[in-house]
Each structure stands twice: as C-alpha cells, then as structure tokens.
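Listed below are the residues making up each chain.
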Amino acid sequence: MRKLFQVFFSLILFLLFFFLQNLDAGPAYRIAIVKSRALEPYQQAVTGIQKEFEEQGVSVTVDIYELLGDMEKGTEFARQIKEKGTDLVFAVGTEASQALVNHLKGIPLVLSMVYDPLTEGLIKDTAASHIYGAYLKVSYLRQFSILKEIAPQLTPAIIIYRKQMEQSLVPEATAAAERATAQLSFLSIDSLKDFSNAL
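Right, let's walk through the structure included here. (Residues numbered from 1 in each chain as written. Predicted model: local features only at pLDDT ≥ 70, side-chain atom pairs only at ≥ 80, totals over all residues. Heavy atoms only, no water.)

A short note on the overall build of the protein
Consideration 1: Secondary structure summary: the protein contains seven helices and seven strands in total.
Consideration 2: Listed by position from the N terminus, the elements making up the protein come as α-β-α-β-α-β-α-β-β-α-β-α-β-α.
Consideration 3: Counting the 199 residues in the protein, one finds 39% classified as buried.
Consideration 4: Contacts spanning at least 24 positions in sequence make up 63% of the contacts within the protein whose residues lie at least 6 apart. (Helix = DSSP H or I, 4+ residues; strand = E, 2+ residues; numbered from the N terminus. Buried < 20%, exposed > 50% of the residue type's maximum accessible area, 1.4 Å probe, protein only. Contact = heavy atoms within 4.5 Å.)

Written as structure tokens, this is what we have:
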C-alpha cells in the first residue's frame, strides 16, 4: 500500500509541477486545499503540495478546509473559495472531490486520493476542462496478484463497495478473480459511514 501511495503521490506532484510552469514568482497566488478527513495519508498530501510550491519558489497563500466527512460543508467551502478569488483548488480524498466538483466550474480543480473519478461519478467524461488529477485505481488482476504474494492463505477475498459502483465493479472484479483463480465475495454498503459496520 505504501508503494502504491508513493506512485500516486508522484503523479500528483507531476501535475503540480505542470501548474507551476504556468505561474511566476511574482505576487502570491491563492490556493485552497480541501481535506476529506483527518487521516495521515491526506495530511501527507497536503504537506507535499505546500512543500512543492515552496521549493519551486512560487509565493502562495494557502487556505486549508477540513471537510471531516461532512458533505454539506462543500457548498459553503465552494462559496468561500470563489469569494477569495482562489486560483487553484486541491480536493484531497473522494468526499472532498464529491463536495466540490459541481460547485467550482471555472476554477482549476485537482482531484487527489480518489480511486476512480469516472466510476464514482465525479466527472461525466474525460473532457472536463477544469478538472485534473491522478487516480488510485489498480487493476483487480494486479490486486489479486499482490494479495496472493503477501497473504496466500487469505481466501476468499471480500470486496466492500458502495451500491452505486455495482454495475462497473462487480463484473470487472469477478472476471479478474476468475483469471487469477481467486475466490471472491462481495458486500455492498450504502455510504462510507456504513464501512465500519461492514467490517
């Protein structure tokens, strides 16, 4: 998991470098970082974003917003972000991305720490001109291969998923499990709030 996070974070820093090429070291730019929850991987992403601006010598004012899993805060955060004339927004995590994606048209939005923005309905197609990001999706075949390496005795594997992902997730995962000769079960939940109960 740590290796996957490092690869993902490298992609985010690459995107950040892309944006930095279009900024100069003149007046401070305002960026917003919206965190889904107070989790260590999310904080690492926030720290890395701030550090990259500093190392590139680009002066920025950073506004950090804590969603704490409360999706209703998204509308208010979006209003504040627009009122402050923010130049660039980072949404860290799926919940932050969901909370902002329909409210910030016209402001560049970088989605980070998101599994699959297309499957999760965050963007309708890849032509969304103001939305950028690198997603965490790893093929199910690759996941099963890794599981067999680190826990060969683990059988069956159980995938916990949100119901709205069923049509895209279940057939793909089932086909990959058959190819990998892995035993697989599924458990659907209504929202992320139900995750702990599913465990």
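What to know about the environment of E66
Consideration 1: For E66, the position within the fold is in strand β2 (residues 60–66).
Consideration 2: Relative accessible area serves as the criterion here: at 31%, E66 is assigned to the partly exposed category.
Consideration 3: In sequence terms E66 and V34 are 32 residues apart; their C-alpha atoms lie 6.0 Å from each other.
Consideration 4: With sequence-adjacent residues up to four places away left out, E66 is seen in contact with K35, K73 and F77.
Consideration 5: Here the side chain of E66 touches K35 through a polar contact of 3.4 Å, side chain to side chain. (Polar contact = N/O pair within 3.5 Å; in protein donor to acceptor, adjacent residues only side chain to side chain.)

Observations regarding the nonpolar core
Consideration 1: Ranked by internal contacts, the top residues of the largest apolar core, which has 20 residues, are V34, I81, V89, L100, L104, L109 and L111.
Consideration 2: Elements supplying a minimum of two residues to this core: β1 (29–35), α3 (73–83), β3 (88–92), α4 (94–100) and β4 (109–114).
Consideration 3: The residues contacting V89, other than those within four sequence positions of it, are A32, I81, L100, L104, I107, P108, L109 and V110.
Consideration 4: Among the nonpolar cores identified, the runner-up in size contains 14 residues, and I31, Y42, I49 and V110 belong to it. (Core = buried A, V, L, I, M, F, W, Y, C linked by side-chain atoms within 4.5 Å.)

Description of the packing of aromatic side chains
Consideration 1: Evaluation of the coordinates by the stated rule reveals one aromatic pair.
Consideration 2: Plain terms: the ring middles of Y65 and F77 are 5.0 Å apart, the flat faces sit at 50 degrees to each other, and that makes the pair tilted. Placement of Y65 in strand β2 and of F77 in helix α3 is noted, with a sequence separation of 12 residues between them. Considered together, Y65 and F77 belong to a single accessibility category, that of buried residues. (Phe/Tyr/Trp six-rings, centres within 6.5 Å; stacked < 30°, edge-to-face > 60°.)

Examining α3
Consideration 1: What α3 keeps buried is the set G74, F77, A78 and I81. All buried residues of α3 lie within an arc of 100 degrees about the axis, which places them on one face of the element.
Consideration 2: Positive backbone phi, at 70 degrees, marks G85, one or two positions downstream of α3. (Arc of directions from axis to C-beta.)

Section: the side chain of S97
Consideration 1: Along the polypeptide, S97 turns up in helix α4.
Consideration 2: Taking relative accessible area as the criterion, S97 reaches 0% and is therefore assigned buried.
Consideration 3: For S97, the side chain forms a polar contact with the main-chain oxygen of G93, separated by 2.9 Å.
Consideration 4: Apart from residues lying up to four places away in sequence, S97 is in contact with A91, L111, V114 and L122.

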